[in-house]
Amino acid sequence: MLQKLSISNYALIDNLEISFDSGLNILTGETGAGKSIILGALSLILGQRAEGRYFFNQQKKCVIEGSFKIGAFHLKQFFEDNDLDYEPETVLRREISADGKSRAFVNDTPVNLPALKALGEKLIDIHSQHATLEINDPEFQLLVVDAVAKHDELLNDYRAKFRSYKKSTVKLQQLIDESDKAKADLDYYQFQFDELGKAALSADEQELLEQELYALNNAGEIKRNLLGAFYLMEDGETSAIIQLREAGHQLTSLEKFNPLIAELYQRLNSAIIELKDIATEIEIIEQRTLTNEARAEEINNRLSLIYNLQKKHRLNSNAELLQLQDDLSGKIQQAVFGDEAIEKLKQQLNADKKELEKLAATLSANRKKTIPAIEKHVLESLAEMGMTNAALKIEQVVRKSESPEVRKIESADFLTKNGVDEIRFLFNANKGHALAEMSKVASGGELSRLMLSIKSLIAQNTALPTIIFDEIDTGVSGEVANKVGQIMQRLADNLQVITITHLPQIASKGQSHYFVYKDDEGATTYTRIKQLDKQERILEIAKMLSGDNPGESALQNARELLNS
């Protein structure tokens, strides 16, 4: 329910705050006083787009904030899906700067406008005489039947299985398409796979071959340089090792003069041993380095094969060619064994469809049993509101599957997310006329009373958001208006109702009564609102009955209406 609405810098409103009760809340006031302005401000926190014309002071930002109790509406999943912090008392806020930029918040967490609108639709239902599209919507009509049937658990189970079924049908079509393509391209895939298999590639082969070929192509230079290094280090008459040995002899003759020289000699001797090892390894490498034109040609041929395969498939390495080989193997397997996977999925889909048909049949039976009770309630409620000649028939059309002989997986279109039923409300407000779709035969006032009777029925069976009636009582008066007020009063036993009205019969039924008025201060006009006490309510209802200066008779009538 809407607990509190705060409005700052909007249209004729500077600052305004309203606290609502849980039952029937009445808003009255003269035409143009600002009742619709308050609704317009509320619509901003419900996701309506903002425009510059809303501002009271063009230099300040507009802030609208609504506090809601949402514990009964099972919205935790919605908050999780939208990464919002769930609070049993949730605050929606909208801030619109003077340049038209808008920001929205839920419990101080920024949200985008679609998320705010989606949440707002779960919290507030605004209904006016001209906003009757919902009642003509087949989805809404089916929702009415399901709400009264009270089979939410069954319906949710069916919808979950239906979503899974639809995903599987998409998967089946993908498998069929892939299998058909794989079969068509099987010879081509097999040729490519065989070609790569014959090449017997390994991941690091290319790099190793390129290194070996480089060495073979430069074998002469490598041998010359290695021989030169070996000559300088050990083989020459004045090689480095010979020179270092001579230096060692010089040091041994000096050991008796300084003990540190002995340590230096040992280090030099170690260096000579290390250099001899290096020289030996250089010699070995030089002897193994051979010019082998046959091997070079063999490597060149192998690398040419690898380069050609990479160029052909527009790849850059053996690793990528090996991955392609694996992919081709998968496609060949799909072509050869794909029918098995398709048949297995078809069997599963057939089993799933039978389960869905069973659940849908139960849903359909529940709806069929519920429809007479809905028709009876709505017609009785309409009769209370003066529509004694109204006729209503809820038509249930059950979509059928094909005969078992020709039934196919792909032709399961008779199943929808709601089962197999199409619901249509047929109506006429006048005796002796054919039933037809409501939008074609009912006036705005008749549709409003019809919606009121339907909402009152739904409210008895499920948790509804706050409902706001914006002057839906237009065109009724007298005892009919009194009956409309009584139905609103009963509706408010199950949910919060906020009603904007010009009728004293309806205004008198409210648990709380708010008066909207204009206040002129200097050169500026403000929209104000106040909650009326008992005496103020008597006076306001008396004015609604007889004008600005009500007499005692009007005051007495107002007292009687409030006490009725």
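So, here is what we can say about the structure in this document. (Residues numbered from 1 in each chain as written. Predicted model: local features only at pLDDT ≥ 70, side-chain atom pairs only at ≥ 80, totals over all residues. Heavy atoms only, no water.)

## Observations regarding the packing of aromatic side chains
Then comes step 1: Under the defined criterion, the tally for this structure stands at six aromatic pairs.
Then comes step 2: Seen in terms of ring centroids, Tyr-158 and Phe-162 are 6.0 Å apart; in terms of plane orientation they differ by 15°. Their pairing is stacked. In this pair, Tyr-158 and Phe-162 both sit in helix H5 (residues 152-184), four residues apart, roughly one turn of the helix. Each of the two residues, Tyr-158 as well as Phe-162, counts as buried.
Then comes step 3: Chaining the aromatic ring pairs together yields one cluster made of Phe-78, Phe-79 and Tyr-86.
Then comes step 4: Above the face of the Phe-105 ring, Arg-93 is positioned so that its terminal group lies 4.3 Å from the ring centre.
Then comes step 5: The residue whose ring lies beneath Arg-528 is Tyr-526, and the NZ or CZ to ring-centre distance is 4.4 Å. (Phe/Tyr/Trp six-rings, centres within 6.5 Å; stacked < 30°, edge-to-face > 60°. Helix = DSSP H or I, 4+ residues; strand = E, 2+ residues; numbered from the N terminus. Buried < 20%, exposed > 50% of the residue type's maximum accessible area, 1.4 Å probe, protein only. Lys NZ or Arg CZ within 6 Å of the ring centre and 35° of its normal.)

## Section: the pattern of salt bridges
Then comes step 1: Under the definition given, this model contains 22 salt bridges.
Then comes step 2: For Arg-93, the salt bridge is made with Asp-108, and the minimal N-O distance between the two is 2.9 Å. Here Arg-93 is found in strand E5 (residues 89-96), whereas its partner Asp-108 is found in the loop between strand E6 (102-106) and strand E7 (109-111), with 15 residues between them in sequence.
Then comes step 3: Looking at Arg-93, the relative accessible area reads 13%, which means it is buried.
Then comes step 4: Asp-108 gets classed as exposed once you look at its relative accessible area, which sits at 59%.
Then comes step 5: Here the salt bridges share partners, and the residues they tie into one network are Lys-61, Arg-93, Glu-95 and Asp-108. (Salt bridge = Lys/Arg side-chain N within 4 Å of Asp/Glu carboxyl O.)

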